[in-house]
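Spelled out from the first residue to the last, the chains are:
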Amino acid sequence: MQYSILDLATVIEGQTPIQAIANTVALARLADCSGYNRYWLAEHHNMAGIASAATSVLIGHVAGQTDRIRVGAGGVMLPNHAPLAIAEQFGTLDALYPGRIDLGLGRAPGGDHAVMRAMRAGQRGDSFPQDVVELLGYLGDADPTAPVQAHPGQGSHVPVWMLGSSLFGAQLAAHLGLPYAFASHFAPDALEDAIATYRASFRPSQYLDRPYFMMAVNVFAADTDAQAAYLRTSQQQAFARLRSGNPGKLPPPVRDIDATIGAGLHQGVDQALRISAVGSQMTVRRQLSDMIDRYAPDEVLLTGQMFDQDERQTSFTLAAEVLSDLPLAA
């Protein structure tokens with residue numbers, strides 16, 4: 001089973017983006033020597049608790065601090081950018097770190113309507129499929145007749161992934177013959193339908209001859225089930241604040257999550273975050289094994305926001321030990 005990490009360069013309460021980026025580099029180095037396949041960073045804007053807004057810049061920094069692991073975007077929100085600019089950025093990254101760069105593309109703006117206005121997103125209308133095709137062209141073999149080429153970028157063949165949390169991304173990934181990653185770690189409602197749609201509709205392409213599906217999973221592993229559940233409360237609080245329109249830096253864990261966010265909101269948060277493995281290593285092994293058997297991913301993308309960096313690194317170490325021993329689903 002291939003396993004990877006999705007990181008938001010989380011900024012915890014009492015710290016600055018400087019420390020968050022240092023923590024990201026430390027985790028990436030750990031992942032680099034723990035068998036992880038990829039280390040992805042995601043584009044979000046106007047959020048004090050996330051330091052990965054300039055995603056391509058941070059990808060370059062992480063790639064420069066690691067040796068083996070693939071580093072990429074999970075993802076770049078393409079409506080915010082001209083396809084040529086992204087091709088040039090990722091073509092440059094590939095020139096710096098050949099064979100180690102991934103480019104995951106999302107359709108969302110990575111923020112609210114104010115962010116969309118500030119990023120000038122949507123001024124071209126809803127042209128996402130056309131923009132993806134244009135970007136693929138810039139990264140593919142050079143066309144001598146093309147009026148514009150990406151330098152660097154042209155001929156780099158940086159692997160492009162489609163990201164999504166609905167059937168739209170699954171259908172587009174299948175149509176273009178691209179690998180597909182589903183955001184099941186926070187929006188799992190369409191997971192089964194998206195997998196089925198992607199696999200049934202997939203058309204072999206110059207990029208892939210068969211479907212390749214990666215599912216995102218929250219992981220909180222610790223010495224005991226109780227300790228893992230306690231560590232998870234930081235993410236539960238952060239997600240509750242986001243849903244309430246009050247995002248911020250990641251708070252410390254609490255002993256009574258119901259008392260902190262309310263039982264009703266707690267239930268809704270856990271429903272959205274239900275694709276999770278939480279507990280001791282034995283518990284996490286059982287939960288991950290069950291998910292792999294049920295959804296049969298080709299790869300799992302682990303994420304998990306924790307307040308304590310040492311606990312976070314321990315969690316990903318324990319998860320790697322589990323996944324290194326788990327087979328692909330039959």
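Everything quoted here is computed from the prediction, not taken from an experiment.

1. A short note on the overall build of the chain
Next up, step 1: Looking only at helices and strands, one finds 12 helices and 9 strands in the chain.
Next up, step 2: Relative to the compact-globule value of 20 Å for 330 residues, the chain shows a C-alpha radius of gyration of 19 Å, a close match.
Next up, step 3: Structurally, the chain occupies a C-alpha span of about 65 × 45 × 35 Å along its principal axes.
Next up, step 4: Counting every position in the chain, which comprises 330 residues, the buried fraction comes to 55%.
Next up, step 5: Averaged over its 22 positive side-chain charges, the chain has a centre that lies 3 Å from the centre of its 32 negative ones.

2. A word on empty space enclosed by the protein
Next up, step 1: Enumeration over the complete set of coordinates arrives at 2 cavities of 30 Å³ or more.
Next up, step 2: Quantified by volume, the largest cavity comes out at close to 80 Å³.
Next up, step 3: What lines the largest cavity is simply Ala9, Thr10, Ile12, Ala20, Asn23, Thr24, Gly304, Gln305, Met306, Phe307, Gln309 and Arg312.
Next up, step 4: Sorting the residues of the lining of the largest cavity by element identifies helix 1 (17-32) and helix 12 (309-323) as the ones contributing at least two each.
Next up, step 5: Taken together, the residues of the lining of the largest cavity break down into 5 nonpolar, 6 polar and 1 charged.
Next up, step 6: One number sums up the size of the second largest cavity: a volume of about 40 Å³.

3. Overview of the nonpolar core
Within soluble globular proteins, side chains that are nonpolar tend to cluster in buried spots.
Next up, step 1: Tyr36, Leu103 and Val132 are the most contacted members of the largest nonpolar core, which totals 88 residues.
Next up, step 2: In terms of residue count, the dominant contributor to this core is strand 7 (residues 213-221) (7 residues).
Next up, step 3: Non-local contacts of Val132, meaning those with residues more than four positions away in its chain, are made with Leu78, Leu105, Met162, Leu172, Leu176 and Leu178.

4. Describing the layout of surface pockets
Next up, step 1: The computed volume of the largest pocket comes to approximately 1,200 Å³.
Next up, step 2: If you go around the largest pocket, you meet 49 residues; those closest to its centre are Leu8, His44, His185, Phe186 and Leu242.
Next up, step 3: Put simply, the parts of the chain that give the lining of the largest pocket at least two residues each are strand 3 (70-77), strand 5 (160-164), helix 6 (167-176), strand 6 (180-182), strand 7, helix 8 (225-243) and strand 9 (299-303).
Next up, step 4: Residue contributions to the lining of the largest pocket peak at 5 residues, all from helix 8.
Next up, step 5: Classifying every residue of the lining of the largest pocket by side-chain character gives 24 nonpolar, 20 polar and 5 charged.

5. Points about the packing of aromatic side chains
Next up, step 1: Under the counting rule described, the total for this entry stands at 9 aromatic pairs.
Next up, step 2: Here the aromatic rings of Tyr3 and Tyr36 are separated by 4.9 Å at their centres, their planes lie at 80 degrees, and the arrangement is edge-to-face. A residue pair is termed long-range when its members are at least 10 positions apart, and Tyr3 in strand 1 (residues 2-7) and Tyr36 in the loop between helix 1 and strand 2 (38-41) qualify at 33 residues. Each member of the pair Tyr3 and Tyr36 is classed as buried.
Next up, step 3: Between Tyr198 and Phe202, the aromatic rings sit 5.7 Å apart at their centres with planes inclined by 80 degrees, giving edge-to-face as the arrangement. Grouping residues by exposure puts Tyr198 and Phe202 together as buried.
Next up, step 4: Each residue in the set Tyr180, Phe182, Tyr198, Phe202 and Phe213 is aromatic and connected to the rest through ring pairs, giving one cluster.
Next up, step 5: For the cation-ring pair, Arg107 lies above Phe168, with the distance from its terminal atom to the ring centre recorded as 3.8 Å.
Next up, step 6: Sitting over the face of the ring of Tyr230, Arg255 holds its NZ or CZ atom 3.6 Å from the ring centroid.

Scoring rules and cut-offs
- Per chain, residues are indexed from 1 in the order of the written sequence.
- Given that this is a predicted model, residues contribute local features only at a pLDDT of at least 70 and side-chain atom pairs are listed and counted only at 80 or more, while totals for whole chains, interfaces and linings are drawn from all residues.
- Note that the side-chain values use all heavy atoms of the structure and ignore hydrogens as well as water.
- Helix and strand assignments come from DSSP, with helices taken as H or I runs of at least 4 residues and strands as E runs of at least 2, each series counted from the N terminus.
- Using C-alpha atoms as the atom set, the radius of gyration is obtained and then compared with a globule rule of 2.2 Å times the number of residues to the power 0.38.
- The rule is simple: take the accessible area with a 1.4 Å probe, protein chains only, and divide by the maximum for that residue type; under 20% is buried, over 50% is exposed, in between is partly exposed.
- In this tally, Asp and Glu contribute negative charge and Lys and Arg positive charge; neither His nor the terminal groups of the chain are included.
- The location of each charge is read from NZ of Lys, CZ of Arg, CG of Asp or CD of Glu.
- Cavities and pockets are found on a 1 Å grid laid over the protein atoms alone: a cavity is a set of points where a 1.4 Å probe fits but cannot escape, a pocket is an open set with protein on both sides within 12 Å along at least five of seven lines, and a lining residue has an atom within 4 Å of such a point.
- Grid points are joined across faces, edges and corners, and a volume is the space filled by probe spheres set on the points.
- Just so you know the grouping, Ala, Val, Leu, Ile, Met, Phe, Trp, Tyr, Cys and Pro go in nonpolar, Asp, Glu, Lys and Arg go in charged, and all remaining residues, Gly too, go in polar.
- Grouping buried Ala, Val, Leu, Ile, Met, Phe, Trp, Tyr and Cys residues that are joined through side-chain atoms within 4.5 Å yields what is termed a nonpolar core.
- Contacts were defined at the residue level, with two residues in contact if any of their heavy atoms lie within 4.5 Å.
- In this analysis, rings of Phe, Tyr and Trp, with Trp reduced to its six-membered ring, are considered paired at centre separations within 6.5 Å, and the interplanar angle assigns stacked below 30 degrees, edge-to-face beyond 60, and tilted for intermediate values.
- Geometrically, a charge over a ring is one whose NZ (Lys) or CZ (Arg) sits within 6 Å of the ring centre while staying within 35 degrees of the ring normal.

Read these as spatial facts, not as claims about activity.
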